[in-house]
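Architecture and fold: a report
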Amino acid sequence: MTFSLDPVAIEPLLFGMVDTVRGPGLTPLRLPDRAFEQMFDEFSRAVASFSAGIRLEFESAASRIELNVTLTRHPLITGNTPSSFCLFVDGERVRTEEVPATADAGRVSETDTVTATVLFDISEALAPDRRSFQIWFPHDAKVSINLLRADAPVMPSSAAPRLRWIHYGSSISQCVDTPDPSDSWPAAASRELDLDLISMGLAGSCMLDPYAARAIRDTPADLITLKIGINIVGADAFAARSLSPVIHGFLDTIRDGHPDTPIVVISPVFCGIHEFTPGPTVMSPDGRWTAAGTGNLTLMDIRHALDRVVADRVTHDRALFHFDGRRLLGEHDSSHLYDSVHPDTDGYRMIASRFSDLGRVAGNDLHDAISAARTRHAEAGGAKEGGVEASKE
């Protein structure tokens, strides 16, 4: 017997999104739909629409699961590459299935839209017992879900609610450079630390925009991390005079909705071309990024500004923390920056491992923030939502 879930029944199984758009299918979004009209350009709208960190979570005894989806990809941004869906069962990676690229490699267009069925057949891998499933969506495409089919009933997870973690950052947080969405460092760290991730990694667009601050303000969260810096230098977006007030304003907006939620301000990871040389960032003939040096701020300037802002605020905001991003990727790790800016897949795995390890070990602000968040979460408690009905075929 086949059990089918339409978009209405699928929605309660979605995690990692803050909004949905209904059309022929259901499109989960990492930022509110209304924010897209406020974005600077089509590039910003495209990367914000990608489904980084979004996933289905459910329980089932199914051995065969099908997802009918419509993908919208932007080959000029991510390359003419396949998009991957990654299945975890009881916390273990079981399958990765790809939707092939369909754009003509010689005539790559601005968008590539395809409807496909993604099939996970695990009948030979697992016994037919009720298990916990996660399906991570592509981090390099917008996903609209049309239908889910399974050969056993699909129900919401019965596990206790996890700590909800909002992470805001740049392409180094969206991680489109790694082919598997579950290898993005926020996704990997969330599994290691048992966190319910909402990834607001926005490639080229981590600019402290008001719509992002409002999205974080309006989204329930137990822990918030803000990894700020590389895009500001790369786009030469601020001068010293304007940067600190904008950081303060971004934090003020978030605090309007999260007065006591632990917030960790994370300074940039190491990037040799911009440590002491201002932006903007430009592409060199060899395909690597380089610093033009004509702009206002370096990464060291950003770190000093973040340090000052946090120092100014912690006297009245005891739930604000500061963490040096070079503890995740430092100068001695620069061989992982394949294009001088972005980590390779091993680099992202290293960041995830270090973030997870530091999150567990006392003696640093990241651990202190996570510990405080867990305490508040436990004191607040939580309730799971009800079941999902499936039609039978």
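An account of the accompanying structure is given in this report. (Residues numbered from 1 in each chain as written. Predicted model: local features only at pLDDT ≥ 70, side-chain atom pairs only at ≥ 80, totals over all residues. Heavy atoms only, no water.)

It is worth spelling out helix H10 (residues 345-360) at this point. Because each turn of an α-helix spans 3.6 residues, side chains separated by three or four positions in sequence point in the same direction. The first and last C-alpha atoms of H10 sit 23 Å apart over 16 residues, in line with the 22 Å expected at 1.5 Å per residue. Regarding H10, the residues found buried are Thr-345, Gly-347, Tyr-348, Met-350, Ile-351, Ala-352, Phe-355, Ser-356, Leu-358 and Gly-359. Check the buried side of H10 and you find it contacts strand E13 (163-169), helix H4 (171-174), helix H5 (185-193), strand E16 (263-266), strand E19 (320-323) and helix H11 (365-380). (Helix = DSSP H or I, 4+ residues; strand = E, 2+ residues; numbered from the N terminus. Expected span 1.5 Å × (residues − 1). Buried < 20%, exposed > 50% of the residue type's maximum accessible area, 1.4 Å probe, protein only. Contact = heavy atoms within 4.5 Å.)

Turning next to a nonpolar patch on the surface. Taken together, the side chains of Phe-43, Leu-76 and Ile-77 present a nonpolar region at the surface, about 260 Å² in accessible area. Of note, Leu-76 is situated in helix H3 (residues 75-78). (Patch = residues over 30% accessible without salt bridge, like charges linked within 9 Å, V, L, I, M, F, W, Y side chains within 5 Å. Areas by Shrake-Rupley, 256 points an atom, 1.4 Å probe, with all protein chains shown as cover. Salt bridge = Lys/Arg side-chain N within 4 Å of Asp/Glu carboxyl O.)

Tallying each qualifying case throughout the model produces zero disulfides. Its sulfur unpaired, Cys-86 is 14 Å from the next cysteine sulfur, which belongs to Cys-175. What makes Cys-86 buried here is its relative accessible area of 0%. Take Cys-206: it sits in no disulfide, and the sulfur closest to it among the cysteines is that of Cys-175, at 13 Å. Note on Cys-206: relative accessible area 1%, which makes it buried. (Disulfide = S-S within 2.5 Å.)

In contact at an axis separation of 7 Å, H10 and H11 are set at 65° when each is read in the N-to-C sense. If you check the angle between H10 and H11, you find them roughly perpendicular. In this structure, the crossing between H10 and H11 has a hand that is right-handed. The segment H10 lies against H11, with Phe-355, Leu-358, Gly-359 and Arg-360 engaging Leu-366, His-367 and Ile-370. Within the contact of H10 with H11, the residues separate by chemical class into four nonpolar, two polar and one charged. (Axes fitted to C-alpha atoms, helices over the stretch in contact; angles between N-to-C directions. Parallel < 35°, antiparallel > 145°, perpendicular 65-115°, else oblique. Left-handed = near helix turned anticlockwise from the far one by under 90°. Nonpolar A, V, L, I, M, F, W, Y, C, P; charged D, E, K, R; others polar.)

A word on the nonpolar core. Of all hydrophobic cores here, the largest spans 79 residues; its most connected members are Tyr-168 and Leu-226. Of all hydrophobic cores here, the second largest spans 33 residues; its members include Met-17, Leu-67, Val-143 and Val-154. (Core = buried A, V, L, I, M, F, W, Y, C linked by side-chain atoms within 4.5 Å.)

So, on to the environment of Pro-32. Relative to the helices and strands, Pro-32 is located in the loop between strand E4 (26-29) and helix H2 (42-49). In this structure, the C-alpha to C-alpha distance between Pro-32 and Tyr-211, residues 179 residues apart in sequence, is 8.6 Å. Residues contacting Pro-32, with those up to four places away along its chain left out, are Val-18, Asp-19 and Ala-215.

All right, on to the side chain of Thr-261 then. Summarising the element assignment, Thr-261 is placed in the loop between helix H8 (240-257) and E16. Those residues in contact with Thr-261, other than ones at most four positions away along the chain, are Ala-221, Asp-222, Leu-223, Ile-224, Arg-255, Ala-319 and Arg-376.

In E4, alternate side chains face the same way, and those of Leu-26 and Pro-28 on one face and Thr-27 and Leu-29 on the other are all buried. Connecting strand E3 (residues 19-22) to the antiparallel partner E4 that follows it, the hairpin turn spans three residues. (Pairing = 2+ DSSP bridges.)

So, on to the pairing of strand E14 (residues 195-201). Within E14, seven of the seven residues are buried, which leaves it mostly tucked inside the rest of the structure. Because side chains alternate across E14, one face comprises the buried residues Leu-195, Leu-197, Ser-199 and Gly-201, and the other comprises Asp-196, Ile-198 and Met-200, equally buried. Across seven bridges, E13 lies against E14 in parallel orientation. When the sheet's bridge partners are listed, Ile-166 is paired in E14 with Ile-198.

Another point: unusual backbone geometry. In this structure, the amide linkage connecting Gly-279 to the following residue, Pro-280, adopts the cis form with an omega of -5°. One non-glycine residue, Cys-175, lies in positive phi territory at about 65°. Examined against the element boundaries, Cys-175 turns out to sit in the loop between H4 and H5. Unusually for a residue other than glycine, Ser-340 sits at a positive phi of about 80°.

Time to look at the pattern of salt bridges. By the definition in use, this model includes 26 salt bridges. Across the pair Glu-57 and Arg-162 runs a salt bridge, and its minimum N-O distance is 2.5 Å. Of this pair, Glu-57 sits in strand E5 (residues 55-60) while Arg-162 sits in the loop between strand E12 (154-155) and E13, and the two are 105 residues apart along the sequence. Its relative accessible area of 7% is what places Glu-57 among the buried residues. The closest approach of N and O atoms between Arg-64 and Asp-121, which form a salt bridge, is 3.7 Å. Residue Arg-64 is found in strand E6 (residues 64-73), and its partner Asp-121 is found in strand E9 (residues 112-121); the two are separated by 57 residues along the sequence. The class of Arg-64 is partly exposed, set by a relative accessible area of 35%.

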